[in-house]
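Summary of structural features
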Amino acid sequence: RPGPVNVGGVELQNHLLLAAGVLGTTGASLSRMLLLGAGGVVTKSIGPLPKEGHSGPCLVALEDGLLNAMGLPNPSKEFVDELAPLAKKPVVASIFGGNPEEFAEVAGWFSGKVAAAELNLSCPHAEGYGAAIGSDPALVEACTRAVVRTGLPAWVKLTPNVTDITAIGKAAEKGGASAIVAVNTVKAMRISTGLRRPVLGNRYGGLSGTAIFPIAVRCVYELYEAVKVPIIGCGGVSTADNVVELMMAGASAVEIGSAVHGDIQVFEKIRAALYAKDGVMASEIVGCAHG
Ligand code: RRO
């Protein structure tokens, strides 16, 4: 079993983190996930103004994943108080904004209160936010730099919904990112044939879960060849073998989201399997599928 794992300027309890969005809306649920085996936790994304989110249905379970269009619901600055009981814990604040100034403002609220900021430049259905910014290398670089100036390590979460994810990763690195998180959800849609209308209130949204795991592997593999900063894999991880596979592609740590919906014990289970016997030898396996 490893001691603390340092990734992207954050000391984690192990290589597994709770992904943004899932169970990250209260301090109590974040604390609980740390007690249940997560090595670190990422909050639900917080933005410059309170936001209600989209009208429902917002979350639909599919055969092999989840389809969501929550619509960035968040209480904005008020959320900072939720994290007071978690001081010194491996908590990462997911943040979003519509421009570099807004990113800097929100990051400033969390500066000194969390271990890092994760820039959400990747929500697939957020007009003016998320992937709208995260597909433009110049904006990615500027938003990253604005957060770095607040003093927080900046993790940058990328969208898979671009032609060349390495160009975006390089822009984040140029802006001073401490780590790259790959990936957010895949833009997707389902239609109810019975109701003759889209299943989501917002019509389209983001697909997560097992269905997107191969996309995460491909993105991490491509990024590992393009950047030097650590990569944190995310997308459809539900087993210890998935964690090892993403590490072989190049991930230094892994985030888990949808699998927590089906099984609150998933961190404990994966951790037990991953560190059985001699434990995962991250130093030997990270990136070993290359070359
Ligand atoms: O809130 C959402 O609808 C949402 C966000 Br902010 C995100 O980054 N990714 C996603 O699938 N949904």
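This text goes with the structure placed above it.
What you see is a predicted model; the values in this text were computed from it and never measured.

**Observations regarding the nonpolar core**
- If you look at the biggest cluster of nonpolar residues, it comprises 70 residues, and the most contacted ones within it are Ile95, Phe110, Leu246, Ile256 and Phe267.
- If you tally residues by element for this core, the top one is helix H6 (residues 213-226), at 6 residues.
- Not counting residues up to four positions away in its chain, the partners in contact with Phe110 are Ile46, Phe79, Val80, Leu83, Ala93, Ile95 and Leu152.
- With 16 residues, the next largest nonpolar core counts Val10, Ala20, Ala116 and Ala179 among its residues.

**With respect to the site of the ligand**
- Surveying the vicinity of the ligand reveals 13 residues, the closest of which are Lys44, Gly71, Asn120, His125 and Thr185.
- In this structure, an oxygen atom belonging to the ligand sits 2.8 Å away from a side-chain N or O atom of Lys44.
- About the coverage of the ligand: the protein hides 93% of its 310 Å² of free accessible area.
- Residues of the shell around the ligand, tallied by class, amount to 6 nonpolar, 6 polar and 1 charged.

**Details of the sheet that holds strand S3 (residues 16-18)**
- Around the barrel, which closes on itself, the 8 strands sit in the order S3-S4-S7-S8-S9-S10-S15-S16 with parallel pairing between neighbours. When the angles between neighbouring strand axes are averaged without regard to direction, this sheet yields 25°.
- With 3 bridges joining them, strand S10 (residues 179-182) and strand S15 (residues 231-234) adopt parallel strand pairing. Residue Val181 lies in a different strand from S15, and its bridge partner there is Ile232.
- Contacts from helix H4 (residues 137-148) reach strand S7 (91-95), strand S8 (116-120) and strand S9 (154-158), with the element oriented near 150° to S9.
- Against the sheet, helix H9 (residues 266-274) contacts S3 and strand S16 (251-256), and its axis sits at roughly 170° relative to S3.

Rules of the game
Residues numbered from 1 in each chain as written. Predicted model: local features only at pLDDT ≥ 70, side-chain atom pairs only at ≥ 80, totals over all residues. Heavy atoms only, no water. Core = buried A, V, L, I, M, F, W, Y, C linked by side-chain atoms within 4.5 Å. Buried < 20%, exposed > 50% of the residue type's maximum accessible area, 1.4 Å probe, protein only. Helix = DSSP H or I, 4+ residues; strand = E, 2+ residues; numbered from the N terminus. Contact = heavy atoms within 4.5 Å. Near = heavy atom within 4 Å. Polar contact = N/O pair within 3.5 Å; in protein donor to acceptor, adjacent residues only side chain to side chain. Areas by Shrake-Rupley, 256 points an atom, 1.4 Å probe, with all protein chains shown as cover. Nonpolar A, V, L, I, M, F, W, Y, C, P; charged D, E, K, R; others polar. Pairing = 2+ DSSP bridges. Axes fitted to C-alpha atoms, helices over the stretch in contact; angles between N-to-C directions.

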